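Given next are the chains, with one letter for each unit.
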Amino acid sequence: MASDGARKQFWKRSNTKVPGSIQHVYGAQHPPFDPLLHGTLLKATPKVPTTPVKARRTSTFQEFESNTSDAWDASEDDDELLAMAAESLNTEVVMETANRVLRNHSQRQERRRPPEPPAVPSGDLRLVKSVSESHTSCPAESASDTAPLQRSQSLPHSVTVALGGTSDPSTLSSSALSEREASRLDKFKQLLAGPNTDLEELRKLSWSGIPKSVRPITWKLLSGYLPANVERRPATLQRKQKEYFAFIEHYYDSRHDDAHQDTYRQIHIDIPRMSPEALILQPKVTEIFERILFIWAIRHPASGYVQGINDLVTPFFVVFMCEHIEEEDVDAADVSRVPTDVLRNVEADTYWCMSRLLDGIQDNYTFAQPGIQMKVKMLEELVSRIDEQVHRHLEQHEVRYLQFAFRWMNNLLMREVPLHCTIRLWDTYQSEPEGFSHFHLYVCAAFLGRWRKEILEERDFQELLLFLQNLPTAHWGDEDISLLLAEAYRLKFAFADAPNHYKK
């Protein structure tokens, strides 16, 4: 057991990340939450007496599991893959079904072209019972030919989504992979080409990832920045860009005034600590980020600028820059070669899309940050229901959820996974109703569950906290995010419309 000093040092205000040391709660602007002073923030509903779970409620979810256990479809129109299953499935049944799907797929391929060696051995094909189990049993394993799952009435709208997929190129021939990607891109282009884009269909298609070439326009549509009507878009862009630079002209010169100099100074300090450094530290990019963050803070005095908001600018800026640079890796692009008028447009688009995102989670950044406090509390209650062993292990070693999950909520996991993974994650967040505020909770629960084995192996407060603050995700790719989202979807299906499941 660690000393009190070790358990308290995460609260110290420090902006420097020191490898191998316990970090402060990034972005925390106030002392630890005191339920005695802020009790009303956590009491959305009154506590109910502890009662056994009714058999009828249990059987309802078991019925869902049994109804989806055979959710396999060999249709040639399906180009999405599913990586999710309930834990009650029998392994032999799963393997038999998986092998049958593989055989059917091979037969279809033989009808189309000369026989080829199978890309994936049937022995490696299996449903993922949980994100944690899939990684601990076989890290290189990824889900294969499976079909979409119909969302039930537990979600606000009925949609067919693919929760996972074979995103590892080594598991498919290059021709098959390119055909699949080309097919998905064609679907996006057809949907975006119409005079009025069907946003509901666009969300369905975007849930399992958006092709890079159409991601900028798709994000602008899904965020609500651009209208669905194609003819109205040029005028909307022109008006919003003009409005943003009017803010710059009106407010930006006040950054050195006594009323605003502290805000600007903090922004100026935080930006060089962002990643990717090769991009952020370019003078033009630094200036763009300073203007975006300062204008947003001035126009939102209820919260002002809070550490963590700065990270939310990066994904939008990187995605919108992809339209205008030739380099495959935007992180290393020389922004100074991009025309000034293009940079101005990207800056304005980034500001408005970030503002749309923050409109839905602004209570994360108001005084005492009640949105984050409540979400961390909900995460704790959710984990206690879905994995009591992990929850008790954290309690036993006096690790508080605020010590590691505060940053998960404050930065939307941006400091836990690589930038390209964040962008893939946001494809789904923008496709989900309340993706950044509500679905993110289940992603965080799945993310914690992903490290279940490693957490239970740690027997020391300091080592446990160090691990949770420095998770080994540097080599994560889209397939890891797909599995994470699959598990998050499963948790949401089970708990989203059953708030009493949070309570013991």
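Residues numbered from 1 in each chain as written. Predicted model: local features only at pLDDT ≥ 70, side-chain atom pairs only at ≥ 80, totals over all residues. Heavy atoms only, no water.

By the naming in an unreviewed UniProt entry, the protein is TBC1 domain family member 22A isoform X2, taken from Acinonyx jubatus. Database annotation for the protein, UniProt heading Function (unreviewed entry): "May act as a GTPase-activating protein for Rab family protein(s)." (UniProt positions renumbered as here; feature names shortened; annotations may be inferred.)

A. How the structure looks around the pattern of salt bridges. Throughout the structure, instances matching the rule amount to 16 salt bridges. With a closest N to O distance of 2.6 Å, K492 and E432 form a salt bridge. Within this pair, whereas K492 is found in helix α21 (residues 478-495), its partner E432 is found in the loop between α17 (419-429) and α18 (435-450), the two being separated by 60 residues in sequence. For E432, a relative accessible area of 5% translates into the label buried. (Salt bridge = Lys/Arg side-chain N within 4 Å of Asp/Glu carboxyl O. Helix = DSSP H or I, 4+ residues; strand = E, 2+ residues; numbered from the N terminus. Buried < 20%, exposed > 50% of the residue type's maximum accessible area, 1.4 Å probe, protein only.)

B. Here's a closer look at the packing of α17 against α21. Between α17 and α21, the least distance of the axes is 9 Å, while the angle of their chain directions is 40 degrees. Once α17 is placed against α21, the crossing between them reads as right-handed. On α21, the residues touching H420, C421, R424, L425 and T428 of α17 are D478, I481, S482 and L485. (Axes fitted to C-alpha atoms, helices over the stretch in contact; angles between N-to-C directions. Left-handed = near helix turned anticlockwise from the far one by under 90°. Contact = heavy atoms within 4.5 Å.)

C. View of the packing of aromatic side chains. Evaluated as defined, the whole model comprises 26 aromatic pairs. Measuring from centroid to centroid gives 5.5 Å for W219 and F316, while their planes differ by 75 degrees, and the two rings are edge-to-face. Within this pair, whereas W219 is found in helix α7 (residues 215-222), its partner F316 is found in helix α12 (residues 313-321), the two being separated by 97 residues in sequence. When sorted by exposure, W219 lands in the same class as F316, which is buried. Judged by centre distance (5.0 Å) and plane angle (80 degrees), the rings of Y351 and W352 are edge-to-face. With respect to class, Y351 is no different from W352; both count as buried. Taken together, W207, W219, F316, F320, W426, Y429, F436, F439, Y489 and F493 form an aromatic cluster joined through their ring pairs. Positioned above the aromatic ring of F245, the side-chain terminus of R344 is 3.8 Å from the ring centre. (Phe/Tyr/Trp six-rings, centres within 6.5 Å; stacked < 30°, edge-to-face > 60°. Lys NZ or Arg CZ within 6 Å of the ring centre and 35° of its normal.)

D. Local environment of the packing of helix α8 (residues 233-251) against helix α11 (residues 283-299). As a packed pair, α8 and α11 sit with axes 10 Å apart at the nearest point and diverge in direction by 80 degrees. Comparing the axis directions of α8 and α11 gives the class roughly perpendicular. Of α11, the residues touching α8 (which contributes Y244, F247, I248 and Y251) are R291, I292, F294, I295, I298 and R299. The residue inventory of the contact of α8 with α11, partitioned by class, reads 8 nonpolar, no polar and 2 charged. (Parallel < 35°, antiparallel > 145°, perpendicular 65-115°, else oblique. Nonpolar A, V, L, I, M, F, W, Y, C, P; charged D, E, K, R; others polar.)

E. Structural detail: the nonpolar core. Judged by nonpolar contacts, the single largest core of 118 residues is most densely connected at L312 and W426. Taken domain by domain, the makeup of this core includes at least three residues from each of domain 1 (232-360) and domain 2 (370-496). (Core = buried A, V, L, I, M, F, W, Y, C linked by side-chain atoms within 4.5 Å. Domains from an automatic or database assignment.)

F. Quick look at the environment of K492. With a relative accessible area of 3%, K492 lands in the buried category. C-alpha of K492 to C-alpha of L441: the two residues are 51 residues apart in sequence and 8.9 Å apart in space.

G. View of helix α20 (residues 461-469). Of all 9 residues making up α20, 7 are buried, and the element is well covered by its neighbours. For α20, every residue scored as buried is listed here: F461, L464, L465, L466, F467, L468 and Q469.

H. Structural view of the side chain of R215. Considering the arrangement of structural elements, one finds R215 in helix α7. A polar contact is formed between the side chain of R215 and the side chain of D427, at a distance of 2.8 Å. In this view, R215 contacts I210, V319, I423 and D427; residues no more than four positions away in its chain are not counted. (Polar contact = N/O pair within 3.5 Å; in protein donor to acceptor, adjacent residues only side chain to side chain.)

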